[in-house]
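Remarks on the overall topology
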Amino acid sequence: MNVFRIALRNIRGNAVKSLTVFMCVLGVAAFFVATTLIVRGAQNSLERGLERLGADILVVPTGAENKMESAILMGTPIKLWMPKQNLEKVSQIEGVSQATPQIYLQSLFGAPCCAVNEMFMVVFDPETDFSVTPWLNQHMGRGLAKGEVIGGTHIFLLEGEEYLKLYGYNLDLIGTLEPTGIGIDATLFMTMETAQELAKYSPQTAILPLEIPKDSISSVMVKVKPGVNPHAVSVQIEREIGGVVPIESPNLFGAFRQQMLGLLGVFIVMLGLAYIVSAVLIGLVFSMAAHERRREMAVLRATGATPFFIFRTLWTEAALLAVAGGAAGVALSSITIYIFRDYLAGTLGTPFLFPSFGSFMGLFVLALALSLATVSIAVVVPAYRISRQEPALAMKE
Amino acid sequence: MFKVFGVVLVVLAIALAVVPTFTDCQSQGKMITLANGKTTPMKCHWTGIAEIGVAVPLAVVGGMMTLSRRRNNLTNLSVLGVVLGGLAIAFPAGLIGVCQTPTMSCVTAMKPALVSLGSLTAGISVIGLVMSRKAKELS
């Protein structure tokens, strides 16, 4: 009889022990996968969002840093204004490769068009833009015409409607961007020409007019020349232009990243505790089971089985339970998180994007390895003890 | 085993009836305002009401499954369970549907919860069906 078959028989023979070990491993694996998915999901989302922005530096009016972050992160509309001349000044800074203006607007509160009560609208200049225009060229093969808009993945047309009605103006939604998990998903993008058109007609077509102050912009997105340190350019912008703050893109969402680090710390402590409690419990259960089966093991020894064979039998039994429990834990937590991802993101207040298949498989292997390690550590002492016991003494007892 | 299945189906039926009460848009204070100023519930609310219509017979199926010992009865109850599980999925997924806005609670919480509960109901009923076909007469 081989080790594998003995282990399977032992698993079937002691259902309570097997179920206890299975549930402990399932719990640890599920918790590990759930916490990793949430933290990695948030990181993924931020990275995708920064990629979509495409800027090395964002220049905003002084004091608007936090507002800007929450606008990008959660899609909260903001009103920021600074003189248009700042664009010229930023462009002339040494090391700046491209600079493009953006204007931030918002829809009327509770407009029936929108995914949120107040939708964040970003107006860009198609001549200089490097954030949305490359996507448009790649996917549409052209830019936006007057009256055309594109939106994040949460922007949609109402059933039976052909146009998106904003400020009483019919906008043609010609495409939606890939999901990023952050506020960009609920943001509408349009050109300066379309925004001016909206502002022009809104006094007649909307309850409240859309106002765009003359010669004003909300922010400047900056791309630095290859090989140039964005921090040096940032310092230069701060020194030479008054009333503005440059935000380097790696420093964007700084407060949120800190919050996530805190959350990660809590998760690690909780995981550690769950790991220790599970390992102790599994060890205890295996010790009890091994004690009950000492005669059976002694018979095996008497029939010629080596101590290593006994040890391997017990370890294989534990390993099989670990793999089954680990796989079940990964499946349970990942399916739950996948199904309720939007709800979790909303409740936790974090952006979330499910990882790619490759990363997920890596996580799956890691969770199985963790399960196997937990069980191996827990059973090594009882398995060693029972494999080394004196057969004659055990049978005599 | 069928007693366990019966109890689980009753629990799932209660969950199917209760979940929409806390997760539809009306429970979050969101309603449609008509041109005359009156308000009316959004369609996710009606999906929630329809789920009660699924939950009641499902609870009866679960209850009968715990009591029944005849193989044919268990088979028929399992078939009903599969159909009711399918309906529990179909109401939010297509027959009535939920709201269009992807960030609303009926889309993020109610629909996935109902689809999961419906899938569990159908899954358990399929297992019950297979087991009832294989089992000998219990009475």
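Residues numbered from 1 in each chain as written. Chains lettered and ligands numbered in written order. Predicted model: local features only at pLDDT ≥ 70, side-chain atom pairs only at ≥ 80, totals over all residues. Heavy atoms only, no water.

Let's talk about the domain arrangement of chain A
Residues and elements named next belong to chain A. You can read the domains of chain A as domain 1 (3–46 + 256–396) and domain 2 (63–242). Computed over C-alpha atoms, the centres of domain 1 and domain 2 are 49 Å apart. Buried surface at the junction of domain 1 and domain 2, summed over both partners, amounts to about 500 Å²; 66% is from carbon and sulfur atoms. The largest share of the area that domain 1 buries against domain 2 comes from Ser 45, Pro 351 and Leu 353, three residues that together contribute 55% of it. At the boundary of domain 1 and domain 2, one finds zero salt bridges. Linking domain 1 with domain 2 are one residue pair in polar contact (both at pLDDT 80 or more). Residues belonging to the side of domain 1 that touches domain 2 are distributed by class as follows: five nonpolar, two polar and no charged. (Domains from an automatic or database assignment. Buried area = accessible area lost by both parts, 1.4 Å probe. Salt bridge = Lys/Arg side-chain N within 4 Å of Asp/Glu carboxyl O. Polar contact = N/O pair within 3.5 Å; in protein donor to acceptor, adjacent residues only side chain to side chain. Nonpolar A, V, L, I, M, F, W, Y, C, P; charged D, E, K, R; others polar.)

Side note on the pattern of salt bridges
Residues and elements named next belong to chain A. Following the criterion strictly, the structure yields three salt bridges over all chains and no others. Between Glu 317 and Lys 17 there is a salt bridge whose closest N-O contact spans 1.9 Å. With Glu 317 in helix α10 (residues 307–339) and Lys 17 in helix α2 (residues 15–53), this residue pair connects regions lying 300 residues apart in the sequence. With respect to burial, Glu 317 and Lys 17 carry one shared label: buried. One salt bridge in this structure joins Arg 142 and Glu 148, with 2.8 Å as the shortest N-O distance. (Helix = DSSP H or I, 4+ residues; strand = E, 2+ residues; numbered from the N terminus. Buried < 20%, exposed > 50% of the residue type's maximum accessible area, 1.4 Å probe, protein only.)

Some points on the state of the cysteines
When the sulfur atoms of two cysteines share a covalent bond, that bond is a disulfide. All names here are of chain B. As enumerated under the stated definition, the model contains zero disulfides over all chains in all. With no disulfide of its own, Cys 25 has Cys 106 as its nearest cysteine by sulfur position, at a separation of 3.5 Å. Free cysteine Cys 44: the closest other cysteine sulfur is in Cys 25, separated by 3.7 Å. For Cys 44, a relative accessible area of 0% gives the class buried. (Disulfide = S-S within 2.5 Å.)

Some details on the environment of Ser 234 of chain A
Within the fold, Ser 234 of chain A resides in helix α7 (residues 230–240). The contact partners of Ser 234 of chain A, leaving out residues within four places of it in the chain, are Ile 57, Pro 246 and Glu 248 of chain A. (Contact = heavy atoms within 4.5 Å.)

Quick look at a nonpolar patch on the surface
All names here are of chain B. Residues Trp 46, Ile 49, Ile 52, Val 56, Val 60 and Met 64 make up a contiguous nonpolar surface patch of roughly 550 Å² in combined accessible area. In this fold, Ile 52 is placed in helix α2 (residues 43–67). The class of Ile 52 is partly exposed, set by a relative accessible area of 38%. (Patch = residues over 30% accessible without salt bridge, like charges linked within 9 Å, V, L, I, M, F, W, Y side chains within 5 Å. Areas by Shrake-Rupley, 256 points an atom, 1.4 Å probe, with all protein chains shown as cover.)

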